[in-house]
Amino acid sequence: MKPKYGYYDVFVRTCAKYPSETAIKVYEDGNYTSYAYSELYGVCEYIVQNIQQVTCDKGIIGLLTDRNPLVPSLIAACHKCSITFMFIDPSQDIQIAIRDTKLSIIIHVRNLNQSKTDLCIKIPDKNITVFNHEISIYKLQSDSQFSNFIQEHSFIAKTSGSTGDAKYIQVPIRCLQPNVDDLTNIFNITSNDVIYFSTPLTFDPSMVEILLACTNGATLLIAPEKADVLFSNNKENSVTFWQTTPSKFFQYSDANIRGKILGAESTLKVLALGGEPLSGSRRLKELKDVANETRIYTLYGVTEMSCWACVAELDLNKITDDNEVPLGNCLSETELFVKKDTENIGNIILVSKTRKCVILSNTEKVAGDSEALDTGDIGEIRNGTVYYRGRRDDVIKRFGNKVSLQNIEATVMQHPHINSCSCIWLPKPRLLVLYYTSLTAKTQELKDFLKIKVSDTQWPDKIVRLENLPMSPHGKTSKSILSQMIHNSELLLQKTDVKTLLIEEMKLILNKSFTFSEICRKDFFSIGGSSILAVLMCNKLSQHHINFGKQILPFLLNPKYCIEEIIDIMRKEMDVPKKKSRKRKLSLSKTTVTAAQSHISTVNIHYQIVWSHNTGKCVDASPTLFEHEFKTYATVGSHSGKIVSADADSGQIQGIVTVDSRVEAAIVCVNILSQPCGIVGTYNGTIVCFRLQDCELLWKINIGCMIKSKGVVLNEELYVASYDGNIRVIDVINGKVKESIHIIDQAVSADLVLAQNCVLVGTLSGVCACVDTATKSVRWRIRLASPVFATPALYQNEKYVVFAEVNGLLQCRTVKSGKKIWEYSEAKGHIFSSIYFKKLKIGWKMIFGCHDNNVYCVVIKNSQPVLCWKTLLTSPVYSTPCGYRDKYFIAISNNGVLYIISSTKGHIVSEYRFPHKVFSSSIVWNDNIYVGCRDDSLYCIKCVVE
């Protein structure tokens, strides 16, 4: 029997059958909120009443919303009040959607915790609040209806344009229902299932997720895309069914896929991958635990025939590469055949007498009028099985030969260390460009692999390594973005020579003026560079040219390469011809350099070097002071490999530990068996534990990975982070590694911080996390937009933690759950400095240094950060400010100038200049300032205030 109200009928039947079952579960900040089907039914009828009060028009309803607990109720209400609705992407121009689809009503849904947005349409005709969400209903004046619009309960989907021009498709619910019925049986969906509601609403497979849940009384889970959330220790909240694109799935790390998603204990019954060809069957095979019982399927279909047409279950034991992934069996009321061009290859044609969708335009007809739909895809028939072989427009003519981009991609994916790839063709410059992602494989390694795998006609003009392939809003690899990236890159190279680009950026980053001839035979470090400056410069270069910065960084950091050699290497790497030099007259002009000026107070301060100790090489590490039995020790490591322990008062050396590697991490001090001890990690992965009073070595281990982060100690356990993205738990008594906690597949440079029996960490990938020391597991994890070099900073009795990103953004979150409290974005440069907090009578004051040469003071009142003052120094500030007495604090700029600054007004009170640059953070004790310097020494400076 034809349903009277489309999806509304399905929804009502399920609410009656499963009233107390959980329909929606929402995860936020460590907590779950559940909504039963009976609750959703009541919300649906409430929304219906309000829509009917606004209009009786049966036109198209636009739903401007993200995934939220109201979605099932909203679309049911739309089908009761009208016949068709359409999801609108909140990030797109709403006026275009109104114009293109002739909407008669717009329903805007927003979370009350989010800032209110002005739709620039009109004042809403109705406002209601449900489940902490505001629903605004707008009645519009619709001009007319589409000429070929069918009067049937349906939804409108806009194709992404990834397989042709974007267009609007009217999809009747009765055409999608066969998908839902078949997939329910194939995937064995029941009311006990937890379906991850992950697909963007504007992508038609989202309706499959909604209908699968609402047809079977299952639960839709709304949660962030984090493996430890989706597959938590509480099995009741863990995902059992997941439909997603291969591109989105393979953005998860190997560790998350192996340990969580496809691990032995995973709750995932079904993983359904669709929307684009599967590239990564080898990776699935390698990462799926032998004890894992997840069934993996691929889905194939087009929006023009209501989502999915075929499904195939993968037997990973039989599939050796992506070329062997079949399209599978047709779903109900659907047929597929290949219209052959050659013996076994041709166009994929879909046929259905009932699943007829409408292309909403004045020129195109109903997709199923002729009962056949040419998909634009190519298929190959082998032994009666159809295999996907790419798009027709992915077969190009090159050097007089036909070349399949999909074949090149499939060949690349045979490399054991390639995670994903995409091959694009730019007809105008006639460029074949291959983009790939890999944790380990370098471009030259991939080139060597392809030399024996592909013909000359398939050889790429460029091979570019990326962190991640860009995705479309629907979660597919976006070839249009990749094309634009290489187009922008080509334009830049046409305008700018590699030499000019690099020299100009070096002048800016080093704040120096020089000619190429003056530096061409020198390495980056000998002209004033450092590893941090190299990273900064390369990040900036990468914004203008794809991967230029990443390719050049290893050579800049290697002193054996001079500037001229680096430029020649990059020209060859990027196939850029050397520009012919032209003789020209040089015109000399005066350049005026204005030094930064701040108010200097009249307070008279004398400085006296109490003691210093030469360690043999630069001291970039920050010193640590530790008091034991009325004696205070000062200890620090050096690039020479020497670790010094000194009497903090007299400077008398207590002992020296020497390791075969640089030491840049600060030393963590602790009493071990009633003895004062220091523990520190080094560049080659060695960790040493020694007594402060004589530097006798208690134990030494090597974890095989660089350490630049200071550890923390709790309950005789050392927590130390390294460049492999792990935090190791080590017994401080004997040095044995007890556990390794995986944070992310990227480096950790920032020091660890201990708060509320948790360890807080920031990483160079931008991921920040909180580790529970009791369970040795990650309590929460967030991803910021840029790397974190600064140590997480705590305030208000360890209730809040502040992370400082390199891009200048500061974020405050709760220690317990990671919930975002506030952010501060007024810093005008990169931040490497950690934050110094000072308690006020009302609120808090935080002070930090910045690469824009300023020290910032920000006051926090009522969870609102406001700039109090900023003081301009003479060079960037990487070290962390520290308090001095009650009215002042100390900041040291990179050029080695120490400033004592008023904490109330930001006035510079006094200055002291060290003999070389300073990256070490200072520490104050008894009016003595302890700090490391790049003249190889640890200093103790006495301040005398008159």
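Since the structure is predicted, the reported quantities are computational estimates derived from the model, not experimental observations. (Residues numbered from 1 in each chain as written. Predicted model: local features only at pLDDT ≥ 70, side-chain atom pairs only at ≥ 80, totals over all residues. Heavy atoms only, no water.)

A. Fine view of the overall build of the protein chain. The helix and strand inventory of the protein chain stands at 18 helices and 58 strands. Out of the 946 residues belonging to the protein chain, those deemed buried represent 59%. When contacts within the protein chain are restricted to residue pairs at least 6 apart in sequence, long-range pairs at least 24 apart make up 55% of them. Surface accessibility of the protein chain: about 41000 Å² in total, with carbon and sulfur atoms responsible for 48%. (Helix = DSSP H or I, 4+ residues; strand = E, 2+ residues; numbered from the N terminus. Buried < 20%, exposed > 50% of the residue type's maximum accessible area, 1.4 Å probe, protein only. Contact = heavy atoms within 4.5 Å. Areas by Shrake-Rupley, 256 points an atom, 1.4 Å probe, with all protein chains shown as cover.)

B. Quick peek at helix α14 (residues 498-510). Across its 13 residues, α14 extends 18 Å between first and last C-alpha, which sits within 8% of the 18 Å expected from 1.5 Å per residue. Of the positions making up α14, those classed as buried are Val 498, Leu 501, Leu 502, Ile 503, Glu 505, Met 506, Ile 509 and Leu 510. (Expected span 1.5 Å × (residues − 1).)

C. Local environment of the pairing of strand β39 (residues 737-742). Examined bridge by bridge, strand β38 (residues 726-731) and β39 share five bridges and lie antiparallel to one another. Paired with Ile 727 across the two strands is Ile 741, which belongs to β39. From the end of β38 to the start of β39, which pair antiparallel, there are five residues, and Gly 735 there has a positive phi angle of about 80 degrees. (Pairing = 2+ DSSP bridges.)

D. Examining empty space enclosed by the protein more closely. Enumeration according to the criterion identifies two cavities of 30 Å³ or more in this entry. Of the pockets and cavities examined, the largest cavity occupies roughly 90 Å³. Lining the largest cavity are 13 residues, and of these Thr 199, Phe 203, Gln 243, Thr 244 and Thr 245 lie nearest its centre. As a volume, the second largest cavity reaches approximately 40 Å³. In terms of lining residues, the second largest cavity is bounded by Ala 665, Ala 666, Val 668, Ile 679, Val 680, Gly 681, Ile 687, Ser 709, Lys 710, Gly 711, Leu 718 and Val 720. Contributing elements (two or more residues each) for the lining of the second largest cavity: β33 (675-681) and β37 (717-721). (1 Å grid on protein atoms, 1.4 Å probe; cavity = no way out; pocket = protein on both sides within 12 Å on 5 of 7 lines; lining within 4 Å. Points joined across faces, edges and corners; volume = space filled by probe spheres on them.)

E. The arrangement of the sheet that holds strand β34 (residues 686-691) in detail. What the four strands build is an open sheet, ordered β32-β33-β34-β35; its pairing is antiparallel. Looking at which strands have only one partner, the edges of the open sheet turn out to be β32 (668-672) and β35 (697-702). Ignoring strand direction, the axes of neighbouring strands in this sheet form an average angle of 20 degrees. Of the strand pairs in this sheet, β34 and β35 are connected by five bridges, and their pairing is antiparallel. Following the sheet pairing, Thr 686 is matched in β35 by Asn 702. (Axes fitted to C-alpha atoms, helices over the stretch in contact; angles between N-to-C directions.)

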